[in-house]
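A look at the structure
Listed below, chain by chain, are the residues.
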Amino acid sequence: MFRKRYSNLSVVTRVLNDDPEDFLVRREVKRTGLMGQGGNMSLLPQHDDRTAPFRNRKGRGGHKGRPFDRSRRDRQRGSHTGVFGGPGPRSRLDDPDGDVTMNDSSQDSSSQNRYTPYSRDGRKGDGRVDRSRRQGRGAGGGRGGGFREGDRGGLTVKARSGWYKVTIPHGKKYDKKWLVPALQNICSVPYTPVQFHVDHNRVHFYVDDHNTANALLKCSHKITDPEGYKVIVHVNPSAPPSFLLSDLKPEHLEYLKQCMAKRFDGSQQALDLNNIRTDPDLVSQNIEVILNRKTSMEAVIKIIEENIPELTCLNLSNNRIHKLDELAELVSKVPNLKTLNLSHNELKTDRELDKLKGLKLVELWLNRNPLCALFKDQAAYISAVRQRFPRLLKLDGQDLPPPIGFDVETPTAIPPCKGSCFGSDEIKVIILRFLQQYYSIYDSGNRQPLLDAYHDGASLSITTPYSTQNPSRSSLGEYYKDSRNLKRIKDTTMRFRLLKHTRLNVVAFLNELPKTQHDIASFVIDVNTCTNTLLSFTIGGVFKEVVVDGKSRESTMAFSRVFITVPAGNSGLCIVNDQLFIRMATTEEIRRAFVAPAPTPSSSPVPTLTAPQQEMLTAFSQESGMNLEWSQKCLQDNEWDFNRAAHIFTQLKAEGKIPDVAFIK
């Protein structure tokens, strides 16, 4: 006899038969009453339950060895080993007495059933919940007794059609060449998958044998995919695959054609196939035209293609259509279709509309389809539909606002980028002279002379695109640590620290950046603001790093820079704000970069031109059409003799020896 103590309860277990093969126990549950006269305890009805042979189960606290815990755990796992059915937790105290045999072997169901007045409805004899009863179905249910994961007993009902549909949840991620052999390797019956296809994330195929279906069902959870997940297999009785459904007979097609001709309005190029399966002309001939069947829909589309390809309006409402796979052919076979009515059908998701995206619809009806209930409001519904049909003007009979976009009938290339915009030749000369001097110093070995280009209170910031990769592995790594990307940096203190103040700090920071070589010919300049006291302009182009830790860097980068300047000295500029943005260059930018030999950077600033030389350079550039760099080179090679330089220029241009880059401004 074993005695266990609980709060206000005393459970006494009496061993009636200690034979391991036929273990028999009786439990007595006593409640400790108010200790009255003599300390008597009230005795509750005795209770006995099935349990596995007692083991010394250590480490389970005060409840160790409770047999019903194990049975509950086994029921949750769907275990079929041993018979642990019977009363729920409440009936353990209130069940009538009865001695039961405890063993691990299966018993006849008639010897297991006991009166359990407090057990939950819908529980089978083995303790598992009867799913079919819980869902309001009888045995077999709406799916013909199909089986899903967690059950291993096999298919309970044979399909009347002889066909079974096999479903692999999340099967889309598996290659067919891996999945089919993997199942075959453990399937006890050879099988051939029929109509193997993917529907959203699931894989489906059919088999036409009950034993094969059972064998495939038993393969569930026995294959581990490359990601470590178990492959689940669902099997359900099914109608035959759609391709096996008999095609319409030739004489039936003739009746269908006559029926469609009766429903066609030639003046509007409109065809009304609403609820065509109930058309009296077809019903009287015992012809079934069900448009949710592939064969019927294909027959209808073929008749449209051969007889009315100019169709502009098609009504397919009330036809129980749940997929639009066959209607995808309308894109190529009925290209003029503008109005389509799919209302009162069974479309469950707006993803089906992707199959019709090529249609240039202006009016669409989708009301009374399940998919309409998926959207939180009308705006979301309209947006989802218009993503597929951007020209749509009417949805479910309601006018929509005109679409916003470019109505381009034929593919059109984006026009090439225009050149620089200065506003006036005077501003152009000032900016080009400034940039030539600035980048000659910037690309030299010493950027300290740039102090003369910045105002005492100047500020500078640098920004790079945000990247998820490790900055140290990026070509922009040298710039990333100082990037003041306001979309990513929210802390005001950090924003302030990354902003370089005063010209000393600005130039000191520029000296720490990698040494560079800019492609002057790639520069595109746009003047933003020009007043008597301020000049703001943007410059964009490409550059490459010359030396990094003693090694040449091959990566080409692009930059965009905004200078805000004020007048300084005689026709000079002084920078008060400098914003630099650096990114990796595009393929096209790399292809066009450094096509002309770049001047070798010197270690000292380029000498400032005298006023007469500057005037001569400006005049020569205007007359020759060359940019300032090439104009200066031509004048310098001819010792600043304007007439001789002009003669040499004319001669070389006639011979085609002057590169195009010389005329890029």
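The name that an unreviewed UniProt entry assigns to the chain is Nuclear RNA export factor 1, with the source organism given as Oryzias latipes.

Tallying each qualifying case throughout the model produces 19 aromatic pairs. Taken together, a centroid distance of 5.5 Å and an interplanar angle of 85° make the contact between F620 and F642 edge-to-face. In this pair, F620 sits in helix α17 (residues 611-624) while F642 sits in helix α19 (residues 642-654), placing the two residues 22 residues apart along the sequence. Among the aromatic residues, ring-to-ring pairing joins F434, Y438, Y439, Y442, Y454, F523, F537, F543, F559 and F563 into one connected group. Note that R447 overlies the ring of Y442, its terminal NZ or CZ placed 4.0 Å from the centroid. One cation-aromatic arrangement involves K544 over F594; the distance from NZ or CZ to the ring centre is 4.6 Å.

The two faces of a sheet get side chains in turn, since along a regular strand they alternate between them. Burial of strand β16 (residues 454-463) is extensive: seven of the ten residues sit out of reach of the surface. In this sheet, strand β22 (residues 572-584) lies alongside β16 in parallel orientation, the contact comprising six bridges. Counterpart to Y454 in the pairing with β22 is I575. Bridge count between β16 and strand β17 (residues 500-501): two bridges; the pairing is antiparallel. When the sheet's bridge partners are listed, S459 is paired in β17 with H501.

Attention now moves to the sheet that holds strand β5 (residues 163-168). Judged by pairing direction, the sheet is antiparallel, and its four strands sit side by side in the order β6-β7-β5-β8 without closing on themselves. With partners counted over all chains shown, the strands left at the sheet margins are β6 (194-199) and β8 (234-238), one partner each. When the angles between neighbouring strand axes are averaged without regard to direction, this sheet yields 20°. Pairing of β6 with strand β7 (residues 202-207), which is carried by four bridges, proceeds in the antiparallel orientation. When the bridges of β7 are listed, V198 appears paired with V203. Relative to β6, helix α5 (residues 176-186) is tilted by about 125°, and along the sheet it contacts β5, β6 and β7.

Quick look at the pairing of strand β21 (residues 556-568) now. As judged from the ten bridges shared by strand β20 (residues 535-545) and β21, these two strands associate in the antiparallel manner. If you follow V542 over to β21, its bridge partner there is A558. In the sheet, β21 pairs with β22 via twelve bridges, with the strands oriented antiparallel. Directly across from M557, in β22, lies its bridge partner M584. Taking the residues that link successive antiparallel strands as the turn, the β21-β22 hairpin has three residues, and the phi of G569 there is positive, at about 65°.

Quick notes on the rules
- Residues numbered from 1 in each chain as written.
- Predicted model: local features only at pLDDT ≥ 70, side-chain atom pairs only at ≥ 80, totals over all residues.
- Heavy atoms only, no water.
- Phe/Tyr/Trp six-rings, centres within 6.5 Å; stacked < 30°, edge-to-face > 60°.
- Helix = DSSP H or I, 4+ residues; strand = E, 2+ residues; numbered from the N terminus.
- Lys NZ or Arg CZ within 6 Å of the ring centre and 35° of its normal.
- Buried < 20%, exposed > 50% of the residue type's maximum accessible area, 1.4 Å probe, protein only.
- Pairing = 2+ DSSP bridges.
- Axes fitted to C-alpha atoms, helices over the stretch in contact; angles between N-to-C directions.
- Contact = heavy atoms within 4.5 Å.

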